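Fold and geometry: a report
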Amino acid sequence: MAHSKARAADGKVTYPPGVKEISDKISKEEMVRRLKMVVKTFMDMDQDSEEEKELYLNLALHLASDFFLKHPDKDVRLLVACCLADIFRIYAPEAPYTFPEKLKDIFMFITRQLKGLEDTKSAQFNRYFYLLENIAWVKSYNICFELEDSNEIFTQLYRTLFQVINNGHNQKVHMHMVDLMSSIICEGDTVSQELLDTVLVNLVPAHKNLNKQAYDLAKALLKRTAQAIEPYITNFFNQVLMLGKTSVSDLSEHVFDLILELYNIDSHLLLSVLPQLEFKLKSNDNDERLQVVKLLAKMFGAKDSELAAQNKPLWQCYLGRFNDIHVPIRLECVKFASHCLMNHPDLAKDLTEYLRVRSHDPEEAIRHDVIVSIVTAAKKDLSLVNDALLNFVKERTLDKRWRVRKEAMMGLASIYRKYSLQGEGGREASKQISWIKDKLLHIYYQNSIDDRLLVERVFAQYMVPHNLETSERMKCLYYLYATLDTNAVKALNEMWKCQNLLRHNVKDLLDLVKKPKSEASSKAVFAKVMVITRNLPDPGKAQDFVKKLAQVLEDDERIRDQLETLVSPSCSCKQAEVCVRDITKKLGSPKQPSNPFLEMVKFLLERIAPVHIDTESISALIKQVNKSIDGTADDEEEGVPTEEAIRAGLELLKVLSFTHPVSFHSAETFESLLGCLKMDDEKVAEAALQIFKNTGSKMEESFPHIKSVLLPVLQAKAKRGPPRQAKYAIHCINAMFTNRDTHFAQIFEPLHKSLDPANLEQLITPLTTLGHLAQLAPEQFAAPLKSLVANFIVKDLLMNDRIPGKKTTKLWVPDDEVSTETLAKIQGIKLMVRWLLGVKNNQSKSGNSTLRMLTAILHSDGDLTEQGRMGKPDMSRLRLAAACALLKLAQEPCYHEIITLEQYQLCALVINDECYQVRQCFSQKLHRGLCRLRLPLEYMAVFALCAKDPVKERRAHARQCLVKIVNIRREYLKQHAALSDKLFSLLPEYVVPYTIHLLAHDPDYVKVQDIEQLKEIKEALWFVLEIIMAKNENNSHAFIRKMVENIKQTKDAQAATDAKTNEKLYTVCDVAMNIVMSKSTTYSLESPKDPVLPSRYFTKPDKNFSNTKNFLPPEMKAFFTPGKPKSANVLGAVNKPLASAGKPIQSKASRMETASNDDSSSNPGSPQRSKARLESTEMDQSENEDFSLKRADSTDKDIEKPRGRKRVVASSEDQDSKPKRGRKKAVANTTPAAETEEQWDEDNRPEDEQNSPPKKGRRGRPPKSAAATQDTPAKGKRGRKKAAPPPEDEEEEEEEEEDKDKDKDKDKDKDKDKGEEEAEEEEEEEEDKSSENVEVKTKAGRQTRTPRRSQGSESTESTPQKRRGRPPKSAQPPAKKPARGGRSKAAAAKEDSEEEDEEEEEEEEQEEAPTPKGRKKAAGRRR
């Protein structure tokens, strides 16, 4: 031992036993062998071996010499490094090396050796691992803290470890590396920026993707050292973010990526950094804000992130970026929403309002991505999105941009398929999105062909997937149809009709192509190509493609045959798929992947291919209906009551019988329908009869056994069945049997002979049957029919009142309360009209007689005998029947010619009838006739009188009807350019002369120069002109101006010699001229053509007569305000037909609110519809009640009953706002006694009478007793005298409120940004569309006011008024429909009779060609 110490003191190197000197004089192999022994020696030593430590001190110093540290052999260097590591372990805490330079060299040397860890398959890997383990365990590098160059050493160590780490290393290597590096950070005094960069650079996405293990190592290191390293990280971000010192680190440009990674590793690392992000969110630099928004989107949206809850100010600040001015930022926020909704459902509430605003964003891409975000979340789990979010998607289905609409529709469709069809999410989820099916079908009302095509695609792929097995597909369709709302049902029916029409057009094109070429055939082909083009997207391009297709069909027989098979009525669904596949394959080309021609052909094939309905499908559908009838179906499971399911199923079959009649030709189908005929449910039997009528044309030859059973059933129903079934039975016989004359005679004779006016209840069905026989076979029964009409209908039925009517104050009652005598009379009127329509000529002058009879009914207010025995509701029914009969006859040219102007004007006044339901049903019939281009143009002028309707919603609805009528005519003229010779009967502008003439003869227009009456004339003219002038096509404003000028050069043909009549005409012309001049800037241009005036209305202009006088009083000029006409908002509104008579009961508080009428009439042209039943229950509406208040000294007896039309009942508010109507008024009794009794009576009347207006005088001719002595009212005098006039300030306040309402309506969109403005318009359109059978709704959230005096001041009104017949503004029309149960036969008959006309029109529409007098084109039918 003494020897050893001496050696050490002498500086001599002592080697372990058996180890010779290690120097450069020995070979490499020997050196390695000796070093291994040295390594073994040091490995076995521990820190307590003081003697050995002293003994080998010089060896330790020798091993640290440059000879070893710089030795070229890696094995030598590795062994020396292992020795040095053990030396640090043994001599710890004091190393034998005292010089800083030497220490730096040693540690840099050890660091370099650690690179050997990279090769895990190396033979020396274990020694490298030992080296790492040793220095990590001993924390050898901590010695370097005292060195000046420590940062360089540590940085190099970190870099080396991050470089060598790879997926070959096990967990121990990873752990030792983390231990080694974390000790330096945790135990050191500081962390340099360079060292921090060495760690953080591994988090940058580019590096992260290159070396995932280095990223994991950095992540583990940061987690381990989070508390120690956090101040340095904060300092780094503070330097870069707040002070903008990007030069402090090369990682400055990756600062936001680092924040995200650090947050994901440990949010505590960023405790002081996140507030800095709030500051950055408000930066003026768009790009910087965008980067922060992208970063926070990932941080807030991460699955387990709690950042929103932990840092609410930052979350609120981030939400504010949804409204950022920079589009990419808003876009980024919207994209983030889906992740947030999916990962953090609790934040949906915060996001909803911001997404609502962004769903109205001016940028299309943002609106689009709002939909994508919501739909993505909903498809993952429906519970993640609330109803409000789904509603945003619903709104966007009406977006201005096609891309957004398409995304919204497809999104809703996929949600519907997942949760409703496939049943994911259970019944609750299915119920939550049950509205989607209706909404998607409502879109079919849009004008855009793209929308309609997409609805068809959605229906075929998502709602009733065509790839389902037949029975499953029909079951799906059956229950879908049963649960759709009325408008959706009509849209679906319209879709099938449009597809069917297009199939027929393609079939016609095929027939034309096969004909020999000629100039005529080429023109016919071109015309057909144009028709088909209008049914495809982008008609401009489609025209060339359809022409090309016509050429291909001409040249390629195989494609022609395939297409013929496809459009054949007998084509099956499977055949259709094969044909479509073959045609597209033949027309496609692998060399041309994007082929616009092929895309267009696919669109066409998609529309015409029968993918849902064929004979097998109809059979499966019938079986499904039978299951419901037998009670073995899953109706209740599907959420549909069995009775509803059966009815819906038969309605569905009825519609399909129009579009796919051949598919019904199977014995099984007909036998099932026979079974339905025998059911007790009248609706089921009716539907079965209609299906037979539509599909039974070849039954006689193909199914004789069915015919033999069916014929007796039809005959029995025609004689004794309910009226509607009797009607269909007659039409079935007409359509199905060749020897119909025989069958008709067998029915006609017994019915004709058995007519007994004494037995009224048994009279209704025979009259219905005879009426339809008269229309279908007028010549066969010519003599008996004429006798029947003249003797029985007119003399026995119409001219006699056998049963006294009930004395009631109401003007309308539900159908089950209408007397059987009235029902019989209505059927009698219909029989007369049907007979005339069947004859179609007026050779026997029967038309004149009938017209006189009908106008007599109108003159007498429905009480033809004028004996006063009829009740007011019965009179209302007969007035309506007579007016509708006149409209029906006017649709036939031979009868239109003989309708006199007086008769036309009297008929027009019915639109202002005092009874709400009469006005409503009449305008409905008028609208339908004009829409189908059957009624002559002058009948459009009748709508001008609707301007006088006091109910705002009725006026708005009439305006929508006018818009639709005008659009249909314009569209028809575009499609039939060759009809220039018929412009006079089609061009909407030609309604102006008729309107002027009608208003000049308005019985309310008494005093020519009266300002108030002229203001009414102005409103009525503007009601029509606003719509006509909305588009100044072909300089139409100048044309209208020229037309009005020309009228002033003529005289009124109705009374050419009457100076006052002509003065009225010229005054109305001046009103019209002032309107045109105030609303148009182009009226003074040259008229495109010289207008033609109707000779029946105006005399020929006298060339020597120049009428330049202005007939208007000077004060009128102030009422003509300049401004452009409003563009017609027609997208959905014009599809809204007039609602039916039966309206729900409403409280006084909601008198002016309009309610949905589920049974209201359908849009014209739809085969399936809820018929316009005139059913209603007891009403509390004041509008339809007519009564006189009790008073001490009644004046009623002094007034003789007028013979003109009744006026619409008006409220006291109306009285104050309008002038006297030019008839003598009864003097009001204003004595205290009268007031007292009146007040008592008011208080003690039932509620419905308390809300009733006073009795009105009637509209039309003046009373006989007063006609001679009638005075003209003094100017400005209004209404009648009142016992206690209401305070003026109340009236002024109301007028002010009305003005404010109008201003609100006009200006409500001005403050919105562009996108919100579009969305609002689309929402209004959607409201209009989705409530097709609902009267025009009040503005959202605002109820229409009930005038104060309509109720409170009625006690002051004691005398009849002589005002235009119409209801008070406070009156709310009609009551709801009674339950079906317990219905009397008379009620059923009435219901049936009111529905008959609609059915007839519907059937005619199916059969007639779309000529000006026939059915309008399907494309224009519902826009």
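Residues numbered from 1 in each chain as written. Predicted model: local features only at pLDDT ≥ 70, side-chain atom pairs only at ≥ 80, totals over all residues. Heavy atoms only, no water.

1. Side note on the packing of helix H46 (residues 846-859) against helix H49 (residues 901-908)
Two elements in contact, H46 and H49, have axes whose closest approach is 10 Å; the angle formed by their N-to-C orientations is 45°. Considering the angle they form, H46 stands oblique to H49. Like other packed secondary-structure pairs, H46 and H49 cross with a definite hand, here left-handed. Contacts between H46 and H49 involve Leu851, Arg852, Thr855, Leu858 and His859 from the former and Gln903, Leu906 and Cys907 from the latter. Per-class residue counts for the contact of H46 with H49 are four nonpolar, three polar and one charged. (Axes fitted to C-alpha atoms, helices over the stretch in contact; angles between N-to-C directions. Helix = DSSP H or I, 4+ residues; strand = E, 2+ residues; numbered from the N terminus. Parallel < 35°, antiparallel > 145°, perpendicular 65-115°, else oblique. Left-handed = near helix turned anticlockwise from the far one by under 90°. Contact = heavy atoms within 4.5 Å. Nonpolar A, V, L, I, M, F, W, Y, C, P; charged D, E, K, R; others polar.)

2. What about the side chain of Thr855?
Considering the arrangement of structural elements, one finds Thr855 in helix H46. Non-local contacts of Thr855, meaning those with residues more than four positions away in its chain, are made with Leu886, Gln903 and Leu906.

3. Structural notes on helix H17 (residues 286-301)
Under the 1.5 Å per step criterion, the end-to-end length of H17 is 22 Å for 16 residues, consistent within 8% with the ideal 22 Å. For H17, every residue scored as buried is listed here: Arg289, Leu290, Val292, Val293, Leu295, Leu296, Ala297, Met299, Phe300 and Gly301. Residues of H17 that are buried make contact with helix H15 (255-265), helix H16 (274-280), helix H18 (307-310), helix H19 (312-320) and helix H20 (327-343). One side-chain oxygen of the residue at the start of H17 lies 2.9 Å from the amide nitrogen of Asp287, identifying that residue as Asp285. (Expected span 1.5 Å × (residues − 1). Buried < 20%, exposed > 50% of the residue type's maximum accessible area, 1.4 Å probe, protein only. Polar contact = N/O pair within 3.5 Å; in protein donor to acceptor, adjacent residues only side chain to side chain.)

4. With respect to the packing of aromatic side chains
In total, this model carries 24 aromatic pairs according to the counting rule given. Ring plane angle 10° and centroid distance 4.1 Å describe the contact between Phe748 and Phe781, whose orientation is recorded as stacked. On the criterion of sequence distance, the pair formed by Phe748 in helix H42 (residues 740-753) and Phe781 in the loop between helix H43 (764-776) and helix H44 (782-798) is long-range, its members being 33 residues apart. Accessibility assignment for this pair places Phe748 and Phe781 in one class, buried. Between the aromatic rings of Tyr1066 and Phe1111, the centroid separation amounts to 5.4 Å while the plane-to-plane angle is 40°, which identifies the pairing as tilted. Of this pair, Tyr1066 sits in helix H56 (residues 1059-1079) while Phe1111 sits in the loop between H56 and helix H57 (1212-1217), and the two are 45 residues apart along the sequence. Each member of the pair, Tyr1066 as well as Phe1111, is classed as buried. Grouped by ring-pair contacts, the aromatic residues Phe300, Trp315, Tyr318, Phe322, Phe336 and Tyr354 constitute a single cluster. The ring centre of Tyr215 lies 4.6 Å from the NZ or CZ of Lys208, which sits over that ring. Geometry around Tyr1005 places Lys1064 over its ring, the cationic atom sitting 5.5 Å from the centre. (Phe/Tyr/Trp six-rings, centres within 6.5 Å; stacked < 30°, edge-to-face > 60°. Lys NZ or Arg CZ within 6 Å of the ring centre and 35° of its normal.)

5. Thoughts on helix H47 (residues 872-890)
In this model H47 runs 27 Å from its N-terminal to its C-terminal C-alpha over 19 residues, within 8% of the 27 Å that 1.5 Å per residue would give. Across the 19 residues of H47, 19 count as buried, placing the element largely inside the fold.

6. Focus on a nonpolar patch on the surface
A surface patch of nonpolar side chains, amounting to about 290 Å² of accessible area, comprises Met242, Leu243 and Phe279. Structurally, Leu243 is set in the loop between helix H14 (226-242) and H15. (Patch = residues over 30% accessible without salt bridge, like charges linked within 9 Å, V, L, I, M, F, W, Y side chains within 5 Å. Areas by Shrake-Rupley, 256 points an atom, 1.4 Å probe, with all protein chains shown as cover. Salt bridge = Lys/Arg side-chain N within 4 Å of Asp/Glu carboxyl O.)

7. Things to note about the nonpolar core
The biggest cluster of nonpolar side chains holds 361 residues, and the ones touching the most others in it are Leu84, Tyr141, Phe237, Ile259 and Tyr318. Considering every element that reaches this core, the biggest residue donor is helix H6 (residues 74-91), with 13 residues. Counting 35 residues, the second-largest nonpolar core is a separate cluster that includes Val506, Ala542, Leu553 and Val611. (Core = buried A, V, L, I, M, F, W, Y, C linked by side-chain atoms within 4.5 Å.)

8. Notes on unusual backbone geometry
A positive phi angle is found at Asp538, which is not glycine, with a value near 50°. Note that Asp538 resides in the loop between helix H30 (519-533) and helix H31 (539-555). Since its relative accessible area comes to 40%, Asp538 is described here as partly exposed. One non-glycine residue with positive phi stands out, namely Asp861, at about 60°. With respect to the element layout, Asp861 can be found in the loop between H46 and H47.

9. What about the pattern of salt bridges?
It is possible for side chains bearing opposite charge to pair when their charged atoms get close. A full pass over the atoms with the stated rule returns 47 salt bridges. Two residues, Lys541 and Asp538, come together in a salt bridge whose shortest N-O distance is 3.9 Å. On the basis of relative accessibility, which here comes to 55%, the residue Lys541 falls in the exposed class. Across the pair Arg1041 and Glu1045 runs a salt bridge whose closest N-O atoms are separated by 3.2 Å. Of this pair, Arg1041 and Glu1045 both sit in helix H55 (residues 1036-1048), four residues apart, which is roughly one turn of the helix.

10. Some remarks on a negative patch on the surface
Among the surface-exposed residues, Asp46, Asp48, Glu51 and Glu52 lie close enough to one another that they form a single negatively charged patch. By the secondary structure assignment, Glu52 is in helix H3 (residues 50-55). A relative accessible area of 34% places Glu52 in the partly exposed class. (Lys, Arg positive; Asp, Glu negative; His and termini not counted. Charge placed at Lys NZ, Arg CZ, Asp CG, Glu CD.)

11. Points about the packing of H31 against helix H34 (residues 596-608)
Where H31 meets H34, the closest approach of the two axes is 10 Å, and the angle between their N-to-C directions is 85°. The orientation of H31 with respect to H34, classified from their angle, is roughly perpendicular. Contact residues: H31 offers Ala542, Phe545, Val546, Lys548, Leu549 and Val552, while H34 offers Pro596, Phe597, Met600, Val601 and Leu604. Here the contact of H31 with H34 is composed, by residue class, of ten nonpolar, no polar and one charged.

12. Regarding the environment of Tyr1066
When its relative accessible area of 6% is taken as the criterion, Tyr1066 is described as buried. Note: C-alpha distance between Tyr1066 and His997 (69 residues apart in sequence) is 9.7 Å. Other than its neighbours up to four places away in sequence, Tyr1066 contacts Ile1047, Lys1048, Thr1050, Lys1051, Phe1105, Asn1107 and Phe1111.

13. So, the confidence of the model for the protein
The pLDDT averaged across the protein works out to 76; a share of 77% of its residues lies at or above 70. Note on residues 1128-1390: pLDDT is under 50 here. Beyond four places in sequence and across chains, it has 702 contacts. (pLDDT = per-residue confidence, 0-100.)

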